[in-house]
Amino acid sequence: MILGIDVGGTHTDAVLLENFKVKKKTKVPTNQLHLVSSLIGVMDEILRDEDAAAIERVVFSTTLSTNAIVQGKIDRVGMLVASGPGLAPEALRVNDDTRFVAGYMSNRGIEVAPVKKGEIAAAAAELKGAGIGHLGVVGKFSTRNPAHENEIGEVARGDFRHVSLGHRMSGNLNFRRRIATTYLNASIFDLYSRFVGEILEFAARTGLKAPIYILKADGGTFEIRQSADQPVQTILSGPAASVMGIMSLADCSGSDAIAMDMGGTTTDIALLADGVPLLEPLGVTIEGHKTLIRGLKTRSIGLGGDSRVRVDKGELCIGPRREGPAAAFGGPFPTPTDAMIVLGLTEIGDRAKAEEAVAEIAGKMNTTVPEAARLIFEKACQVVASAVSAMIEEINNKPVYTIHELLEGKKLAPARLFIVGGPAAAVAPRLGEILGCQVVIPQDAEVANAFGAALARTTAEVTMLAETERGSLTIAEEGLQMKIPNHFTRKDILRIGMEKLRERARKLGAREADIEVEIVEDQEFNMVRGFYTTGKNIRLKAQIKPGLIARFGKGGERS
Amino acid sequence: MKGLKKTGLIFFPAFDWAISPTHPEREERLLYTQDQVFEEGLLDFENIVEYKPGLATIEDINRIHICVPDAKSVITESHLISAGGAITAAEKVLAGEVDNAFALVRPPGHHAMRVVHGARGFCNINIEAVMIEHFRRKYGHKRVAVIDTDCHHGDGTQDIYWHDPDTLYISIHQDGRTLYPGSGFPDEFGGPNALGTTINVPLPPETSDEGFLYVLEELILPIIGEFKPDLVINSAGQDNHYTDPITNMRFSAQGYARLNELLNPHIAVLEGGYSIEGALPYVNVGIILAMAGLDYSHVREPDFNPESLRQSGEITKYIRETTKDILDLWKKRESFKAGIVKGAKYARRNRNIYYDTDGIREQQEETVRICDDCGGFIAIDSMASTGNRIFAVIIPSRSCDLCRLEGERAFASINKAKLGAHYLFFQDRDRDVFVVK
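Keep in mind it's a predicted model, so treat the numbers as computed, not measured.

1. Some details on the overall build of chain B
So, point 1. Counting secondary structure elements, chain B contains 14 helices and 16 strands.
So, point 2. Relative to its length of 437 residues, chain B is compact, with a C-alpha radius of gyration of 21 Å against a globular reference of 22 Å.
So, point 3. For chain B, the C-alpha atoms occupy an extent of roughly 65 × 45 × 40 Å along the three principal directions.
So, point 4. Looking at chain B as a whole, 57% of its 437 residues are labelled buried.
So, point 5. Put simply, 74% of the contacts in chain B that link residues at least 6 apart link residues at least 24 apart.

Okay, here's the thing in structure tokens:
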């Protein structure tokens, strides 16, 4: 059996799957002050009368990290940043406790200026003296050569409870994002460690032997002990759970698709290219921090079933605020849900109250109640549809850097719309019409997030950079620098990289059957000195893409 | 932060295109620049926006070039993209989406002349000229200043705008006696109808930041101030850099950034620059920061050493004198026409043009009608070592009635067979007409 749990803002949902079918589901209110107690509470409830030893896998999606960052309940962090030339240091400062230190790697990962141990020791002592327990260490181009970060970390380590190193966060280039990501990682390290400790303690107490996984922002999972070092990977996993949920409830492969979750307050939109959710190219943004955290590309718009509808200077406005439930459920203002009730698209709530609320709008717009309801409904659908179109357009206009991609690049063209959430059934036909998509409303949608978390596979990526002239190979995420023979080719590099990716995936908790690797970047350049080619510059990136665990989905056991 | 500007960036490194595998104009030319721009996170700044390049069309090329036998056979897709990238940059500026824009695209274009039999100096079509005529067509006629800061004289751009009084072309470059293409001397001063709208400033080898910025502040900025262009374009070569493998100058990333801050171009378009590791990453970061009004004072090359890059006192003195001579020439520009024309109705240039990249030789006779009301209609008779002979008539932008009438008559009266011409071309800017016979 598999247990999936989604800790949402309001509710914590749990779903117990047997042979990939829902055996049990439950819902408890989320205790925002102590998320672990909600988790443990819901687990206690769902595992009552179940044999804990029969559980094969447990997956959590939790808002712990996101909430801590959004609410500013984070630890003070000292940052040692080896900035080198380029942007002015002030453009790199992430907090008052940032200290800029010597040390500079070139874009090829060659040392230009060494670190100064004395300077680091002094800065570390000063930060420690200020009562700071956590340190982030980031160097420019550290993904090309992590030596300076490692060296700084070694010198400073003794003074701090934990040191977060920049190159471990992501293999991508972007110094400012690396600084922000490392900072956030360090700032929630203690909080997250405590959470991991409490969960492991609960598992030990209840005899739960199954591996426990945590959902990441990219819709992938990693084993809970492995996650302790990288809590920042768990931010913004909520939207990811929702997308994975849709993928687990309906077969999304075969064409491009839109995945939509329309709730009371917001509508979340994601896009799937032939069944695979699209990722943010660089990383997700949280509380103004642009990070390097791989995350699903989602857009949230402030329009849901309970959004307040009003008339402003003759113009119909919907959202972004939710002032309470729909009028039909005793709420204070008219909402799209009330319009849907008036139009007979749904039979929930008190129809008389809905009509009364919509009548207020009809009065202001000088029209009949049914016409006002139609206008509200149409406007809501148009706003959502245009947000979807804008997102598709943005993706299709993403800059590319080769002639081949520019001229022959694939364009995203969704043919299906998967929609979940309260108003899904009511809005689906019209949205499908506007967007020119076939509409699918998956079953069991109320537990989609927990379902999605339960079945999400472990993801991982590795970024390889080889220079055959120097005989060097770097795998950023692993902090690996190795010597290679000059005659190595792209194929040799790929072989090593793939092996490292598999190793990494296994370490993060992937089952052998779920390690499905793909190459996402593949470039090879001549390095020329004078007019002679002296070697190759080979750049590869491979990943295990977000998806569902094996034996599920297309060709799986699920009927 | 003083004066943040919204800057458009069109980055197209064409990682799958090269002239040949070890040619300086090859796949990885912008690879390390990409690394540096990405690592510095420049695209995350709210005021820096990246755009995908559009594609220039054959019509865009035919608006400015006479390609032999036709545009399709002298270009590859990469040229349509690099010219398209320049056009996108201009579009974003003219549509008011951004304050300025930088087309960081390849391959370059400033050695491509009006008539194109093949590639010269790594250039097939003149991407700035294609851009300028595109936006003039779309947004109405504009006075344009092209400041060519490439280390090589932009003989192609000079040729195209030689007779155009509404396009100021100023080139600063390493002295033609010491570098390809060997032209670009102060006496190359524009055709008889456009005297002074071509300005050449040859600089001695080993000129450093000090010399470049002196010429900018003492010569270029005052001339731009008098010319009053609607748009300033930096034809932004990066081969004046002290690490460039095929030139001998001492310009630095700091110098390039400062130059762009002072010049304040609406549009910058990458031209040459082949120090792909030592210069381009830092020069481009410097230019982007400067254009966006961000602090570039910490940008420097790994091996930057201002002491070793200082220019000699002799060079400083020479540049001061050159600057003064050219300024004097500029001030007296309107007084030369009568002496040059000597009452003639037409002026004629005979040139031998060498296409080094493709190994083609061209013999060209260009005739322009002397005119006080427009740039003058142009007739070209060109023969290339490929065996092609062409005859072309060009009616300039904002043509006067007489030039139009004479040009149309000239085209109508050409006897293709008698001249032994393979193709006859008629190009009319104002009416956007291009005819091949």
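Further notes follow.
2. Quick look at the overall build of chain A
So, point 1. Assigned secondary structure in chain A consists of 15 helices and 27 strands.
So, point 2. Projected onto the principal axes, the alpha-carbon positions of chain A cover approximately 75 × 60 × 50 Å.
So, point 3. Counted over contacts in chain A with a minimum sequence separation of 6, partners at least 24 positions apart contribute 64%.

3. Details of the interface of chain B and chain A
So, point 1. If you look at the interface, chain B gives 33 residues, while chain A gives 33 residues.
So, point 2. Every element with two or more residues in the side of chain B that touches chain A is listed here: strand 1 (7-12), helix 1 (31-39), helix 4 (77-94) and helix 9 (280-291) of chain B.
So, point 3. When residues of the side of chain B that touches chain A are assigned to their parent elements, the largest contribution, six residues, is made by helix 1 of chain B.
So, point 4. Of the residues that constitute the side of chain B that touches chain A, the class distribution is 15 nonpolar, six polar and 12 charged.

4. Focus on the sheet that holds strand 1 (residues 2-7) of chain A
Strand pairing in a sheet relies on backbone hydrogen bonds, with the paired strands running either antiparallel or parallel.
Residue and element names in this part refer to chain A.
So, point 1. Overall, mixed pairing links the six strands, which are arranged 3-2-1-4-11-12 in an open sheet. The outermost strands of the open sheet, each flanked by one partner alone, are strand 3 (21-29) and strand 12 (221-223). Neighbour to neighbour, the strand axes of the sheet diverge by 20° on average, direction disregarded.
So, point 2. Of the strand pairs in this sheet, strand 1 and strand 4 (residues 57-61) are connected by five bridges, and their pairing is parallel. Paired with aspartate 6 across the bridge in strand 4 is serine 61.
So, point 3. Running at roughly 140° to strand 3, helix 1 (residues 35-47) makes contact with strand 1, strand 2 (11-18), strand 3 and strand 4 of the sheet.
So, point 4. Strands strand 1, strand 2, strand 4 and strand 11 (212-215) of the sheet are contacted by helix 14 (residues 448-455), whose axis makes an angle of about 130° with strand 1.

5. As for the confidence of the model for chain A
Close reading of the predicted structure is inappropriate where its pLDDT is low.
So, point 1. Summarising the model, chain A shows a mean pLDDT of 93, and 98% of its residues fall at 70 or more.
So, point 2. The low-confidence segment residues 553-559 of chain A, where pLDDT is below 50, has 11 contacts with residues more than four positions distant or belonging to other chains.

6. Side note on the sheet that holds strand 24 (residues 472-475) of chain A
Residue and element names in this part refer to chain A.
So, point 1. Pairing in this open sheet of five strands is antiparallel, and the strands run 25-24-23-27-26 from one edge to the other. At either margin of the open sheet sits one strand with a lone partner, and together these are strand 25 (480-483) and strand 26 (517-529). Ignoring which end each strand starts from, the neighbouring axes of this sheet average 15° apart.
So, point 2. The pairing of strand 23 (residues 460-467) with strand 24 spans four bridges and is classified as antiparallel.

7. Considering the domain arrangement of chain A
So, point 1. The domain boundaries assigned to chain A delineate domain 1 (2-70 + 191-235), domain 2 (77-186), domain 3 (252-443) and domain 4 (457-544).
So, point 2. When each unit is reduced to the centre of its C-alpha atoms, the spacing between domain 3 of chain A and domain 4 of chain A is 41 Å.

8. Brief notes about the pairing of strand 4 of chain A
All names here are of chain A.
So, point 1. Within strand 4, four of the five residues are buried, which leaves it mostly tucked inside the rest of the structure.
So, point 2. As judged from the three bridges shared by strand 4 and strand 11, these two strands associate in the parallel manner. Following the sheet pairing, valine 58 is matched in strand 11 by isoleucine 212.

9. Some words on the nonpolar core
So, point 1. In terms of nonpolar packing, the biggest core is built from 164 residues, with Ile258(A) and Phe418(A) touching the most fellow members.
So, point 2. Residue contacts for Phe418(A): discarding those within four places in its chain leaves Ile246(A), Ala250(A), Cys252(A), Ala257(A), Ile258(A), Ala259(A), Met260(A), Val440(A) and Pro442(A).
So, point 3. The next biggest cluster of nonpolar side chains, apart from the first, holds 130 residues, and it includes Phe11(B), Ala119(B), Ile378(B) and Ile395(B).

10. Brief notes about the domain arrangement of chain B
All names here are of chain B.
So, point 1. Assigned domains within chain B: domain 1 (7-333) and domain 2 (344-436).
So, point 2. Taken over C-alpha atoms, the centre of domain 1 sits 27 Å from the centre of domain 2.
So, point 3. On the domain 2 side, the residues contacting the 26 residues of domain 1 number 31 residues.
So, point 4. For the side of domain 1 that touches domain 2, the element with the highest residue contribution is helix 5 (residues 127-139), accounting for three residues.
So, point 5. Across the side of domain 1 that touches domain 2, the residue classes break down as 11 nonpolar, eight polar and seven charged.

11. Remarks on the packing of helix 3 (residues 117-129) of chain A against helix 4 (residues 147-156) of chain A
Residues and elements named next belong to chain A.
So, point 1. The N-to-C vectors of helix 3 and helix 4 enclose an angle of 50°; their axes lie 9 Å apart at closest approach. With respect to their mutual orientation, helix 3 and helix 4 come out oblique. Where helix 3 crosses over helix 4, the two elements pack in a sense that is right-handed. Taking contact as the criterion, the partners of Lys117, Ile120, Ala121 and Ala124 in helix 3 are, on helix 4, Ile152, Val155 and Ala156.
So, point 2. A class-by-class count of the residues in the contact of helix 3 with helix 4 yields six nonpolar, no polar and one charged.

12. What to know about unusual backbone geometry
In terms of backbone geometry, most residues other than glycine have negative phi values and most peptide bonds are trans.
So, point 1. Residues Val68(B) and Pro69(B) are joined by a peptide bond in cis, for which omega reads -5°.
So, point 2. Structurally, Pro69(B) can be placed in the loop between strand 3 (66-67) and helix 3 (71-74).
So, point 3. Residues Arg106(B) and Pro107(B) are joined by a peptide bond in cis, for which omega reads 0°.
So, point 4. Counting through the fold element by element, Pro107(B) comes out in the loop between strand 4 (100-105) and strand 5 (115-116).
So, point 5. Of note, Phe20(A) is a non-glycine position whose phi angle comes to about 65°, a positive value.
So, point 6. For Phe20(A), the location among the structural elements is in the loop between strand 2 and strand 3.
So, point 7. Of the residues examined, Phe20(A) has 19 C-beta atoms within 10 Å and is grouped as partly exposed.
So, point 8. Of note, Ala14(B) is a non-glycine position whose phi angle comes to about 45°, a positive value.
So, point 9. Structurally, the position occupied by Ala14(B) is in the loop between strand 1 and helix 1.
So, point 10. For Ala14(B), a count of 26 C-beta atoms within 10 Å puts it in the buried group.

13. Focus on the environment of Ala448(A)
All names here are of chain A.
So, point 1. Mapped onto the elements of the fold, alanine 448 is located in helix 14.
So, point 2. Between the C-alpha atoms of alanine 448 and proline 239, which are 209 residues apart in sequence, the distance is 11 Å.
So, point 3. With residues up to four places along the chain from it excluded, the contact list for alanine 448 reads Ser242, Gly245, Ile246, Leu249, Val420 and Pro442.

14. Focus: the confidence of the model for chain B
So, point 1. When pLDDT is averaged across chain B, the result is 96; 100% of the residues are at 70 or more.
So, point 2. Across the predicted assembly, pTM comes out at 0.93 and ipTM at 0.93.

15. Here's the deal with the pairing of strand 11 of chain A
Residues and elements named next belong to chain A.
So, point 1. Here strand 11 shows no split at all, with Ile212 and Ile214 on one side and Tyr213 and Leu215 on the other all buried.
So, point 2. Of the pairings in the sheet, the one linking strand 11 to strand 12 comprises three bridges and is antiparallel in character. In the strand pairing of strand 12, isoleucine 214 is matched with phenylalanine 222.
So, point 3. Adjacent in sequence and paired antiparallel, strand 11 and strand 12 are bridged by five residues, among which glycine 219 carries a positive phi angle near 80°.

16. Focus on the environment of Cys403(B)
Residue and element names in this part refer to chain B.
So, point 1. Relative to the elements of secondary structure, cysteine 403 occurs in helix 13 (residues 401-413).
So, point 2. Separated by 34 residues in sequence, cysteine 403 and arginine 369 have C-alpha atoms that sit 7.2 Å apart.
So, point 3. Beyond its immediate stretch of four places on either side in the chain, cysteine 403 contacts Arg369, Cys371, Cys374, Gly376, Phe377, Ile395 and Pro396.

17. Examining the packing of helix 7 (residues 209-227) of chain B against helix 8 (residues 253-263) of chain B
Residues and elements named next belong to chain B.
So, point 1. The interhelical angle for the contact between helix 7 and helix 8, taken along N-to-C directions, is 10°, at an axis separation of 10 Å. Considering the angle they form, helix 7 stands roughly parallel to helix 8. Contact residues: Asp209, Phe212, Leu213, Leu216, Glu217 and Leu221 in helix 7; Gln254, Gly255, Arg258, Leu259, Leu262 and Leu263 in helix 8.
So, point 2. Partitioning the contact of helix 7 with helix 8 into residue classes produces seven nonpolar, two polar and three charged.

18. Details of helix 8 of chain B
All names here are of chain B.
So, point 1. The buried count for helix 8 comes to eight of 11 residues, which makes it a mostly enclosed element.
So, point 2. If you check which residues of helix 8 are buried, you get Ala253, Gln254, Gly255, Tyr256, Ala257, Leu259, Asn260 and Leu263.
So, point 3. If you follow the buried residues of helix 8, they end up packed against strand 6 (144-148), helix 7, strand 9 (231-236), strand 10 (267-270) and helix 9.
So, point 4. The positive-phi residue at the C-terminal boundary of helix 8 is asparagine 264, with phi of around 55°.

About the thresholds
Along every chain, residues carry numbers that run from 1 in the direction the sequence is written. Following the order in which they are written, the chains are lettered starting with A and the ligands numbered starting with 1. With pLDDT at 70 or above as the cut-off, local features in this predicted model cover only qualifying residues; side-chain atom pairs require 80 or more to be listed or tallied, and sums for whole chains, interfaces and linings still use all residues. Note on conventions: DSSP H or I runs of at least 4 residues are helices, E runs of at least 2 residues are strands, and numbering of each starts at the N terminus. Radius of gyration means the value over C-alpha atoms here, while the globule rule gives 2.2 Å times the residue count to the 0.38 power. Burial in this document is a count-based property: other C-beta atoms within 10 Å of a residue's C-beta are tallied, and the residue is buried at 20 or more, exposed at 12 or fewer, or partly exposed in between, with C-beta positions derived from the backbone. By the convention adopted here, residues are in contact when the distance between their C-beta atoms, placed from the backbone, does not exceed 7 Å. Side-chain classes are defined by residue name, with Ala, Val, Leu, Ile, Met, Phe, Trp, Tyr, Cys and Pro counting as nonpolar, Asp, Glu, Lys and Arg as charged, and the others, Gly among them, as polar. Strand pairing is assigned whenever DSSP detects at least two bridges linking the two strands. A fitted line through C-alpha atoms serves as each axis, taken over the contacting stretch for helices, and the angle formed by two N-to-C directions is quoted from 0 to 180°. Every residue carries a pLDDT, the predictor's confidence in it, which falls somewhere between 0 and 100. Domain start and end points were adopted from an automatic or database domain assignment. Working definition: the nonpolar core is a set of buried Ala, Val, Leu, Ile, Met, Phe, Trp, Tyr and Cys residues, joined through C-beta atoms within 7 Å. Just so you know how the angles are binned, under 35 degrees is roughly parallel, over 145 roughly antiparallel, 65 to 115 roughly perpendicular, and the rest oblique. Here a crossing is taken to be left-handed if its near helix is turned anticlockwise relative to the far helix by less than a right angle, and right-handed if that turn runs clockwise.

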